Amino acid sequence: MKDDLRLIEAGFPCHQVGAETQRERGASSALPPLYFLHVWWARRPLTPSRAAILASLLPADTDPEWFLKQLGIKKPVVEINGIQWVLVGPVLKKITTDESGNNVIEVDARVLELLRKEDKRREKNRLIIQELIQKDPGLKRDPVIERWERESRPVPQPWPTEGDVLNVKIVAADPAWFKKLLHIGSQLNIRIPNLYGYDRAFLANPEPSSRPCIILDPTAGGGSIPFEGLRLGHKVIANELNPVATTILHATIEYPALFGEQLSVYVDKFGKRLLKKLESNLDEIFPREFKLPVFESKVLKEHLWSVPELVKYYNKEFTTTYLYCRQVTCPHCGGEAPLLNTCWLSKESGKQWGVKVITDGREHGGKVWFETYRVRDGRGSRGEDPNFATVNKGIGTCIHCRQAIEAEEIKRQARGESEHGTWKD
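Reading the values: rules and limits
- Residues numbered from 1 in each chain as written.
- Predicted model: local features only at pLDDT ≥ 70, side-chain atom pairs only at ≥ 80, totals over all residues.
- Heavy atoms only, no water.
- Helix = DSSP H or I, 4+ residues; strand = E, 2+ residues; numbered from the N terminus.
- Rg over C-alpha atoms; globule rule 2.2 N^0.38 Å.
- Buried < 20%, exposed > 50% of the residue type's maximum accessible area, 1.4 Å probe, protein only.
- Contact = heavy atoms within 4.5 Å.
- Areas by Shrake-Rupley, 256 points an atom, 1.4 Å probe, with all protein chains shown as cover.
- Axes fitted to C-alpha atoms, helices over the stretch in contact; angles between N-to-C directions.
- Parallel < 35°, antiparallel > 145°, perpendicular 65-115°, else oblique.
- Nonpolar A, V, L, I, M, F, W, Y, C, P; charged D, E, K, R; others polar.
- Pairing = 2+ DSSP bridges.
- Right-handed = clockwise from strand over helix to strand, strands pointing away.
- Phe/Tyr/Trp six-rings, centres within 6.5 Å; stacked < 30°, edge-to-face > 60°.
- Lys NZ or Arg CZ within 6 Å of the ring centre and 35° of its normal.
- Core = buried A, V, L, I, M, F, W, Y, C linked by side-chain atoms within 4.5 Å.
- Salt bridge = Lys/Arg side-chain N within 4 Å of Asp/Glu carboxyl O.
- 1 Å grid on protein atoms, 1.4 Å probe; cavity = no way out; pocket = protein on both sides within 12 Å on 5 of 7 lines; lining within 4 Å.
- Points joined across faces, edges and corners; volume = space filled by probe spheres on them.

A closer look at the overall build of the chain
Thought 1: Across its full length, the chain carries 12 helices and 18 strands.
Thought 2: Radius of gyration (C-alpha) of the chain: 30 Å, far over the 22 Å computed for a compact globule of 425 residues.
Thought 3: Taking the principal axes of its C-alpha atoms as reference, the chain extends roughly 85 × 55 × 55 Å.
Thought 4: Put simply, the chain has 425 residues, and 35% of those count as buried.
Thought 5: For the chain, restricting intrachain contacts to residue pairs at least 6 apart in sequence, the fraction spanning at least 24 positions comes to 60%.
Thought 6: Working note: accessible area of the chain is about 26900 Å², and carbon and sulfur atoms make up 53% of it.

Things to note about the packing of helix H7 (residues 224-231) against helix H8 (residues 243-259)
Thought 1: In the contact formed by H7 and H8, the axes pass within 10 Å of each other and the chain directions differ by 5°. Here H8 runs roughly parallel to H7, going by the angle between their axes. Across from Pro226, Phe227 and Leu230 in H7, the residues of H8 making contact are Leu249, Thr252 and Ile253.
Thought 2: Split by residue class, the contact of H7 with H8 holds five nonpolar, one polar and no charged.

Details of the pairing of strand S8 (residues 235-238)
Thought 1: Pairing geometry for strand S7 (residues 214-217) and S8, over four bridges, is parallel. Looking at the pairing, Ile214 lines up with Lys235 of S8.
Thought 2: As for the winding sense of the linkage, the β-α-β connection from S7 through H7 to S8 is right-handed.

Structural notes on the packing of aromatic side chains
Thought 1: Summed over the entire model, instances satisfying the criterion amount to six aromatic pairs.
Thought 2: An angle of 65° between the planes, with centres 5.9 Å apart, marks the rings of Phe12 and Phe67 as edge-to-face. On the criterion of sequence distance, the pair formed by Phe12 in the segment before helix H1 (14-26) and Phe67 in helix H3 (residues 64-71) is long-range, its members being 55 residues apart.
Thought 3: Residue classification places Phe67 among the buried residues on the basis of a relative accessible area of 0%.
Thought 4: Three or more aromatic residues joined by ring pairs form one cluster here, namely Trp177, Phe178, Tyr196 and Tyr198.
Thought 5: One cation-aromatic arrangement involves Arg23 over Tyr198; the distance from NZ or CZ to the ring centre is 4.8 Å.
Thought 6: If you follow Arg43 out to its NZ or CZ, it ends over the ring of Tyr35, 5.6 Å from the centre.

Let's talk about the nonpolar core
Thought 1: Counting residues in each nonpolar core, the largest one holds 34 residues, and the members touching the most others are Phe67, Leu71, Leu132, Ile145, Trp148, Leu181 and Ile192.
Thought 2: Within the residue set of this core, elements represented by two or more residues are helix H2 (46-57), H3, helix H4 (109-135), helix H5 (143-151) and helix H6 (175-187).
Thought 3: Ignoring sequence-local partners within four residues, the contact set of Leu181 consists of Val144, Ile145, Trp148, Ile192 and Leu195.
Thought 4: Ranked by size, the runner-up nonpolar core spans 15 residues in total, among them Ile80, Val107, Leu114 and Trp159.

Regarding the sheet that holds strand S17 (residues 395-397)
Thought 1: Within the open sheet, the three strands sit side by side as S16-S17-S18. Their pairing is antiparallel. The open sheet is flanked by strand S16 (391-392) and strand S18 (404-405), the only strands paired with a single partner.
Thought 2: Relative to S18, S17 runs antiparallel, the two being bridged by two bridges. Note on S18: the bridge partner recorded for Thr397 is Ala404.

Some remarks on the environment of Gly378
Thought 1: Mapped onto the fold, Gly378 is located in the loop between strand S15 (368-374) and S16.
Thought 2: It is 9.8 Å that separates the C-alpha atoms of Gly378 and Lys347, two residues lying 31 residues apart in sequence.
Thought 3: Ignoring any residue separated from it by four or fewer positions in sequence, one finds Gly378 in contact with Glu384 and Pro386.

What about the pattern of salt bridges?
Thought 1: Summed over the entire model, instances satisfying the criterion amount to 21 salt bridges.
Thought 2: Residues Arg326 and Asp425 are paired through a salt bridge, measuring 2.3 Å at the closest nitrogen-oxygen approach. Here Arg326, found in strand S11 (residues 326-329), pairs with Asp425, found in the segment after helix H12 (407-415); they are 99 residues apart in sequence, far enough to count as distant.
Thought 3: By relative accessible area, Arg326 is classed as partly exposed at 32%.
Thought 4: Linked through salt bridges whose partners overlap, the residues forming this network are Arg50, Glu228 and Arg231.

Here we look at the environment of Gly233
Thought 1: Here Gly233 shows up in the loop between H7 and S8.
Thought 2: When the C-alpha positions of Gly233 and Glu207 are compared, they lie 8.2 Å apart, and in sequence the two are 26 residues distant.
Thought 3: When residues no more than four places from it in sequence are discounted, the contact partners of Gly233 are Pro208, Ser209 and Pro212.

Concerning the layout of surface pockets
Thought 1: Its boundaries defined by the atoms lining it, the largest pocket holds a volume of some 1400 Å³.
Thought 2: Along the walls of the largest pocket sit 35 residues, with Leu323, Leu345, Val355, Phe370 and Thr372 positioned nearest its centre.
Thought 3: Of all the elements in the fold, those that place two or more residues in the lining of the largest pocket are helix H10 (294-303), strand S10 (317-318), strand S13 (344-346), strand S14 (353-359) and S15.
Thought 4: Here the element with the most residues in the lining of the largest pocket is S15; it accounts for five residues.
Thought 5: Space inside the second largest pocket adds up to approximately 840 Å³.
Thought 6: Where the lining of the second largest pocket is concerned, the elements lending two or more residues are strand S1 (74-80), strand S2 (83-86), H4, H5 and H6.
Thought 7: Split into classes, the residues belonging to the lining of the second largest pocket amount to 18 nonpolar, eight polar and 13 charged.

Concerning the sheet that holds strand S6 (residues 169-172)
Thought 1: Judged by pairing direction, the sheet is antiparallel, and its three strands sit side by side in the order S2-S1-S6 without closing on themselves. Two strands bound the open sheet, and with one partner strand each, they are S2 and S6. Adjacent strand axes in the sheet meet at a mean angle of 50° when their direction is disregarded.
Thought 2: Pairing of S1 with S2 involves four bridges; the strand directions are antiparallel. Looking at the pairing, Glu79 lines up with Gln84 of S2.
Thought 3: Docked against the sheet, H3 engages S1 and S6, running at close to 100° with respect to S6.

Below you can see the structure in the form of structure tokens.
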């Protein structure tokens, strides 16, 4: 066993796996599908999970380039006169397989057009490199910049002609290098284009193992390690004590493996049934349909001026989401004091909305309710400020008497220890 050294103990490419892991976690909209099934605070990224399994099983002398390609850290390239062209975007659709099973591209007018675009892209890159060096002359000898300069050289003539066949090779990518380049650009406030040369690694399926093993994960949590173990062709035994995580494991690992794509039909069917029951039970507390506010009803009537008989059919809105805030009792005037750190509801361009806190004007024991309003040029139609807030750094402001509500008083009401009342949602 002393001689049984594994890749995870020697030669593991931490810098590449780490850079790709940061990339995987960097964009919330591009996370793996597992993340969207249920929130789990300790869910591991898929790339290092796959890397941990593979590197624990493979010997220390494993080819690191093959290992990275198994992780999905790989890019397709063709070579033209000694210069590599990394294939991204529309040109990927041109890749086919020849009789020998090799990936190739048959050159046609479209491929030549894309090659011209690649040459122009390299020209733009060279201009960015010049800008970086102008801002920091020391970068001229930086190995990261020197490499980018080499990879941005023009594609030398003569170019292939229509009918030529180019061999496509899959090579290991280098996210660690690009991470360093991004850091340089960030330091100098210069935008660096996407140079990864491949989609996020977790999207790539690895080659199933020819020697399946049993992978045991005794604290499986959100299921990243069991999921990657199955993708690698191994048998997986996963355990979890938390009932929520256990349910996630069943849904992401066990049931898809048992029932295949047919499972999605049942998920859709029973999901709709659950939503229907949930909505009917909650309708009394969270109504889904309202009449339009007076000012919005006026907008509707103006819009339908030529067909006023339709107003009654559209004079309603449907609620999809509820927001709530904490509310305490003001220790000075006894009024309801909602604690909002902003009055913005939506900042989306063209769909900007705010909420206004309305009071009944009473000096003591005042009540509040809320109205939504459209925001144009940073204000509501009556001058409402969506940046208005009634709590800042833990200190509240009463909407009625405008006096401060100290943080300690808010905490006492939260704990139910204040003579003024208990906070509520």
